[in-house]
Amino acid sequence: MLAGFKNFDPAVEKKLACHPDLPAFACAWGLRKDATPQQQAVGDLVMVAFYYLLRVGEYTTKKRRKTRTRTRQFRIKDVTFFRKNDLGLLVAIPRTASDEAIMSADAATLRISNQKNGDAGACVHHERIIEAGDLCPVRALGRRVVQTRRHCKSGRAFLCSYWDDVGRGDVTDGNIRFAVKFAAKALNYEARGIPIERVDTHSLRSGGACALSLAGYKPHEIRKMGRWAPNSSAFMEYIQQQLSSFSAGMSTAMSRVAPFTNMEGTVTRDDDLRAASVH
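Residues numbered from 1 in each chain as written. Predicted model: local features only at pLDDT ≥ 70, side-chain atom pairs only at ≥ 80, totals over all residues. Heavy atoms only, no water.

## Re helix H8 (residues 219-226)
Which entries qualify depends on this criterion: The buried label applies to any residue whose accessible area, calculated with a 1.4 Å probe on protein chains only, is under 20% of its type's maximum; exposed applies above 50%, and partly exposed to all values in between. Secondary structure counts use DSSP, requiring at least four H or I residues in a row for a helix and at least two E residues in a row for a strand, with both numbered from the N terminus. Directions are taken from the helix axis to each C-beta atom, and the arc is the one they span.
Every buried residue belonging to H8 is among Ile222, Arg223, Met225 and Gly226, and all of these are buried. Considered in projection along H8, the buried side chains sweep an arc of 165° and stay on one side of the axis. Looking one or two residues past H8, Arg227 carries a phi angle of roughly 60°, positive in sign.

As structure tokens, this is what we get:
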């Protein structure tokens, strides 16, 4: 009976993936000369969330929060920066390093203290996108750490914290939602078949997974970056096959398939042998 009621429930519309141009826009918007500290923090976090495939609860706060939740927010102490030495090997930068050293880092790692699937201690690593300049996830993490260290010496400070004339504030999921929708509208996503109402905070994690898939990374690599359970297939829901890039050139490739022979049709079956023996 209960199963029958499910047929009357409307289908849930999943949020659609965003393109890398959305976090780039949000980050650039936060770097305007007249941008507020909150806008800068939001722009940086949108950039980080996309490339590090973060869940929204890992880098924002809510006005009303559950008293107990497995997902924890990233803290300053969870970020480690790296630089390349003369041999080209990555070497960890001390946490007491100067702001200049942090901002010139070649890579950054986020260490998860706890998460949804219970895999504590997992790390997600990215190297700097050199051609992106300031619109880079490693540089965005650097700005968050540098800004926070100027106001708080504790490594337990949240990555989403910022300081303005009023004092300390924390970026909320609502702030991220507004920024994502604002960027999608400014980038005319609707003309690309992506309605604004179907763009949300979830679009960042989904967009990051799709970007990895389109870039040619294998399922187990995407699963690791997104910190999905090793045997979980849930992450495939994030790979949205309706994106035009997934089928680009597919029909042309299909039309060029070489002529073939169906081997089964050329093999004499037992039924045919029996029929031929009947007079």
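## Notes on the packing of aromatic side chains
Inclusion rule: Two rings belonging to Phe, Tyr or Trp (six-membered ring only in the last case) form a pair when the distance between their centres is within 6.5 Å. Interplanar angles under 30 degrees mark stacking, angles over 60 mark edge-to-face geometry, and anything in between is tilted.
Across all of its chains, the model carries 5 aromatic pairs by this definition. Arranged with centres 6.2 Å apart and planes meeting at 50°, the rings of Phe25 and Phe182 form a pair that is tilted. Taken as a pair, Phe25 in helix H2 (residues 21-30) and Phe182 in helix H6 (residues 173-186) lie far apart in primary sequence, 157 residues in all. We classify Phe25 as partly exposed; its relative accessible area is 22%.

## With respect to the environment of Tyr51
For clarity, the cut-off: In what follows, residue pairs with any heavy atoms lying within 4.5 Å of each other are defined as contacts.
Checked against the element boundaries, Tyr51 lands in helix H3 (residues 37-52). Here Tyr51 falls in the partly exposed class, since its relative accessible area comes to 22%. Tyr51 sits 160 residues away from Ala211 along the chain, and the two C-alpha atoms are 9.0 Å apart. When near neighbours in sequence (up to four residues on either side) are disregarded, Tyr51 contacts Pro20, His126, Ile129, Pro137 and Met225.

## A word on the confidence of the model for the protein chain
Rule in force here: pLDDT runs from 0 to 100 and stands for how confident the predictor is about each residue.
Confidence in the prediction of the protein chain, expressed as mean pLDDT, is 81, and 73% of residues score 70 or more. Within the model, pLDDT remains below 50 along residues 64-69, and this stretch shows 1 contact once partners closer than five positions in the same chain are excluded.

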